[in-house]
Amino acid sequence: HVNVVESGGGLVQTGESLKLSCVASEASLDTYSMGWFRQAPGKKREVVSCISRYDGSSTYYRDSVKGRFTISRDNAKNSLYLQMNTLKPEDTAMYYCAPVFYPYAWEPCTSEFDDTAWGQGTQVTVSS
């Protein structure tokens, strides 16, 4: 499976911004739809955003981040990004990237990772 390394998290105040990066080991990352997921303590992992393979022409955002977050990809750099603006305390979580199954642009993607495949993640903490 694809090995990924997430970075870019940090401790910020409400309203500030962060840009997360995900670098993959797969040289042909362009063939994978990709997604960002997050998990807060005591809660299930949830999808944040998805982007289709190749040119990334289709994207999905969960309602709570629409208008604030932007997902993008740079296939030449084997990288995935998540620009997070106007951060809120409820965005606090460990953020992960993963290849996804994303057949419909209007529905959320689902991870193709099993429990052993997730990277270390990057922590985002937003203080009130």
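Details of the structure are given in the entry above.
Note that the structure is a prediction, hence the values are computed from the model and not measured.

(A) Structural view of the packing of aromatic side chains. A complete count under the given rule lists 4 aromatic pairs for this structure. Each ring, one from Y104 and one from W106, has its centre 5.3 Å from the other, and the planes form 40°; the classification is tilted. Judged by relative accessible area, which is 66%, W106 ranks as exposed. Measuring from centroid to centroid gives 5.5 Å for F113 and W118, while their planes differ by 90°, and the two rings are edge-to-face. Take F113: its relative accessible area is 10%, and that puts it in the buried class. The buried category is assigned to W118, whose relative accessible area is 14%.

(B) The arrangement of the side chain of R73 in detail. With respect to the secondary-structure elements, R73 resides in strand β7 (residues 69-74). Buried and without a salt bridge, R73 has D30 as its closest oppositely charged side chain, separated by 6.4 Å. For R73, the side chain forms a polar contact with the side chain of N75, separated by 2.8 Å. Setting aside anything within four residues of it in sequence, one finds R73 in contact with L29, D30, Y32, S33, M34, I51, S52, R53, Y54, G56, S79 and L80.

(C) Representation of the environment of C50 within the structure. Relative to the helices and strands, C50 is located in strand β5 (residues 46-51). On the basis of relative accessibility, which here comes to 0%, the residue C50 falls in the buried class. In the structure, C50 is positioned 51 residues away from F101 in sequence and 9.4 Å away in space, judged by C-alpha atoms. With residues near it in sequence (within four places) discarded, C50 still touches M34, G35, S58, T59, Y60, I71, Y102, P108 and C109.

(D) Representation of the pairing of strand β8 (residues 79-84) in the model. Burial analysis of β8 places 5 of its 6 residues in the buried class, the great majority of the element. Pairing of strand β3 (residues 18-24) with β8 involves 6 bridges; the strand directions are antiparallel. For L18, the partnering residue across the bridge sits in β8 and is M84. As judged from the 6 bridges shared by β7 and β8, these two strands associate in the antiparallel manner. By the bridge assignment, R73 is partnered in β8 with L80. What sits between the antiparallel neighbours β7 and β8 is a turn of 4 residues, in which N78 has the positive phi angle 50°.

(E) Quick look at the sheet that holds strand β1 (residues 4-7). Spatially, 4 strands are ordered β1-β3-β8-β7 in an open sheet, and the strand pairing comes out antiparallel. Each end of this open sheet is capped by a strand with a single partner; those strands are β1 and β7. With direction set aside, neighbouring strand axes in the sheet form an average angle of 15°.

(F) The pattern of salt bridges, seen in detail. One pass over the structure, following the stated rule, counts 5 salt bridges. The partner of D63 in a salt bridge is K66, with the nearest N and O atoms 3.0 Å apart. The closest approach of N and O atoms between R68 and D91, which form a salt bridge, is 2.8 Å. In this pair, R68 sits in the loop between β6 (59-61) and β7 while D91 sits in the loop between β8 and β9 (93-101), placing the two residues 23 residues apart along the sequence. The two residues R68 and D91 agree in class, both being buried.

Criteria and thresholds
Residues numbered from 1 in each chain as written. Predicted model: local features only at pLDDT ≥ 70, side-chain atom pairs only at ≥ 80, totals over all residues. Heavy atoms only, no water. Phe/Tyr/Trp six-rings, centres within 6.5 Å; stacked < 30°, edge-to-face > 60°. Buried < 20%, exposed > 50% of the residue type's maximum accessible area, 1.4 Å probe, protein only. Helix = DSSP H or I, 4+ residues; strand = E, 2+ residues; numbered from the N terminus. Lys, Arg positive; Asp, Glu negative; His and termini not counted. Salt bridge = Lys/Arg side-chain N within 4 Å of Asp/Glu carboxyl O. Polar contact = N/O pair within 3.5 Å; in protein donor to acceptor, adjacent residues only side chain to side chain. Contact = heavy atoms within 4.5 Å. Pairing = 2+ DSSP bridges. Axes fitted to C-alpha atoms, helices over the stretch in contact; angles between N-to-C directions.

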